[in-house]
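# Commentary on secondary and tertiary structure
Spelled out, the chains give:
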Amino acid sequence: MKTIFQRADISATALIDPTDTTERIKDFPKICVSTFSDNIIRKFASMEQAEQIAELYTANGAMPVYKIRYKDTDIAFYQSRVGAPACVVGFEEVVAMGAERFVLFGSCGVLDDEKVKGKIIIPVSAVRDEGTSYHYAAPSTEIEADERCVNVLERVLQDLGCPYVKGKTWTTDGIYRETLSTIGERKEEGCLAVEMECASMLAASQYRKIPFIQFLYGADNLGDDTWEIRDLMQYGLESAEKYMALAFECGLALL
């Protein structure tokens, strides 16, 4: 039985384009940074030099888009909604507003604690266990990150003295269907982490030809028989400045 995920032709023109729903904004920053943490976004939005420049609208409500000045460069930032479809929609709309470079970061579940502990994760590829990526890229088990963007992130981390590890991530839609047997399979395939957006964002950014960097930091641990929540509920707040500064530096390095 065939499914829509086996459809190889993704070249057809879509009925609705992001520019049909989103107006281009004059002088919108070329660099846009996003994360999933409401805590981190609120913290930076409250800074004196930050200002709101736009909004993303859905039935869930409006999501503000802000601008901040960093090293003489304007950078846009906003909170991405969790999950592949919502995350990609936000990306599509800020690109329609005028963003030309995009950096995304967020927490992930750890599958290999020994390799990941205390390190930033650079995804070099993602297992496509979600649906959104198949509308932007022909079917495949995995999708690779752009090599240039991976190299930029690696260079920035080295310059800042941040420990990191490069590897594969597992992007899934079914957060409550991460079974022990599936987790075991992904670990055998070499996945270091599990999250919900990377594969779709790699596909969408490559389709739109937008340079894209994503980095991950470990939160809960799924690498053992028992789930460890650890600092998942903090959503990165304790290291907010470090993660945002890293994202801003990556954005500048993409210019």
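Provided above is the structure to which this section pertains.
To start, this report covers the structure provided alongside it. Owing to the predicted nature of the structure, the values given are computational and were not obtained by experimental measurement.

A tally of helices and strands in the protein yields eight helices and ten strands. Against the compact-globule benchmark of 18 Å for 255 residues, the protein has a radius of gyration of 18 Å, which places it among compact chains. Each principal axis of the C-alpha distribution contributes one length, and for the protein these read about 50 × 45 × 35 Å. Across the 255 residues of the protein, 51% fall into the buried class. Taking as baseline every contact in the protein between residues at least 6 positions apart, the subset at least 24 positions apart corresponds to 75%. Put simply, the protein shows about 12,800 Å² of open surface, and 50% of that area lies on carbon and sulfur atoms. Across the protein, the centroid of the 27 positively charged side chains sits 4 Å from that of the 40 negatively charged ones.

Its place among the elements puts Val65 in strand β3 (residues 61–70). Separated by 14 residues in the primary sequence, Val65 and Glu51 have C-alpha atoms spaced 8.5 Å apart. Those residues in contact with Val65 that sit more than four places away from it in its chain are Phe28, Glu51, Gln52, Ile53, Ala54, Glu55, Leu56, Ala76, Phe77 and Tyr78.

A word on unusual backbone geometry. Its identity is not glycine, yet Asp27 carries a phi of approximately 60°, on the positive side. Residue Asp27 is classed as exposed on the basis of its relative accessible area, which comes to 64%. Backbone geometry places Lys209, a non-glycine residue, at a positive phi of 60°. Positionally, Lys209 belongs in the loop between α7 (198–208) and β10 (212–221).

What follows is about the packing of helix α2 (residues 38–45) against helix α8 (residues 240–254). For the pair α2 and α8, interaxial distance at closest approach is 10 Å and the crossing angle is 75°. Taken together, α2 and α8 sit at an angle that is classed as roughly perpendicular. Contacts from Ile40, Lys43 and Phe44 in α2 reach Ala240, Glu241, Met244 and Phe248 in α8.

On to the packing of helix α3 (residues 84–97) against α7. Remark: α3 packs on α7, axes separated minimally by 9 Å, with the N-to-C direction vectors making an angle of 30°. Between α3 and α7, the angle is such that the two are roughly parallel. The handedness of the crossing between α3 and α7 comes out as right-handed. On α7, the residues that touch Ala84, Cys87, Val88, Phe91 and Glu92 of α3 are Ser200, Met201, Ala204, Ser205 and Arg208. Considering only residue class, the contact of α3 with α7 consists of six nonpolar, two polar and two charged.

With 14 residues, helix α5 (residues 147–160) should reach 20 Å at 1.5 Å per residue; the first-to-last C-alpha distance of 20 Å fits that figure. Those residues of α5 not exposed but buried are Cys149, Val150, Val152, Leu153, Glu154, Val156 and Leu157. Taking the backbone nitrogen of Arg148 as reference, a side-chain oxygen 3.1 Å away marks Asp146 as the first, capping residue of α5. Looking one or two places after α5, you find Gly161, whose phi comes out positive at around 70°.

If you walk through the whole model with that rule in mind, you get eleven aromatic pairs. Taking the ring centre of Tyr134 as reference, the NZ or CZ of Arg128 above it sits at 4.1 Å.

What counts and how
- Position numbers for residues start from 1 in each chain and track the written sequence from start to end.
- It should be noted that, the model being predicted, local features are given only for residues of pLDDT at least 70 and side-chain atom pairs only at 80 or more, the latter also being counted only at that level, while totals for whole chains, interfaces and linings use all residues.
- Hydrogens and water are ignored here; the side-chain numbers use all heavy atoms of the structure.
- Helix and strand labels come from DSSP, where a helix needs a run of H or I of at least four residues and a strand needs a run of E of at least two; each type is numbered from the N terminus.
- As a reference, a globule follows 2.2 Å times the number of residues to the power 0.38, and the radius of gyration itself is taken over C-alpha atoms.
- Any residue under 20% of the maximum accessible area for its type is buried, any over 50% is exposed, and the rest in between are partly exposed; the area is computed with a 1.4 Å probe on protein chains only.
- Contact definition: two residues touch when any of their heavy atoms are within 4.5 Å.
- Only the protein chains shown count as cover for residues, with accessible areas throughout obtained via the Shrake-Rupley method and a probe of 1.4 Å.
- Positive charges come from Lys and Arg, negative ones from Asp and Glu, while His and the chain ends are left out of the count.
- Where a charge lies is defined by one atom per residue type: Lys uses NZ, Arg uses CZ, Asp uses CG and Glu uses CD.
- To get an axis, fit a line to the C-alpha atoms, keeping to the stretch in contact for a helix; angles then go from 0 to 180 degrees between the N-to-C directions.
- Orientation categories follow fixed angle ranges, with anything under 35 degrees roughly parallel, anything over 145 roughly antiparallel, 65 to 115 roughly perpendicular, and all other angles oblique.
- Handedness of a crossing follows from how the near helix is turned relative to the far one, being left-handed for an anticlockwise turn of less than a right angle and right-handed for a clockwise one.
- Residues are grouped as follows: Ala, Val, Leu, Ile, Met, Phe, Trp, Tyr, Cys and Pro are nonpolar; Asp, Glu, Lys and Arg are charged; every other residue, Gly included, is polar.
- Each helix should span, by expectation, one fewer than its residue count multiplied by 1.5 Å.
- By the criterion applied in these results, polar contacts are pairs of N or O atoms within 3.5 Å in which, for protein atoms, one can donate a hydrogen and the other can accept it, and in which residues neighboring in sequence qualify only through two side-chain atoms.
- The pairing test for Phe, Tyr and Trp rings, Trp by its six-membered ring, is centres within 6.5 Å, and the orientation test on the planes gives stacked under 30 degrees, edge-to-face over 60, and tilted for anything in between.
- Cation placement over rings: the criterion is NZ of Lys or CZ of Arg within 6 Å of the ring centroid and within 35° of the ring normal.

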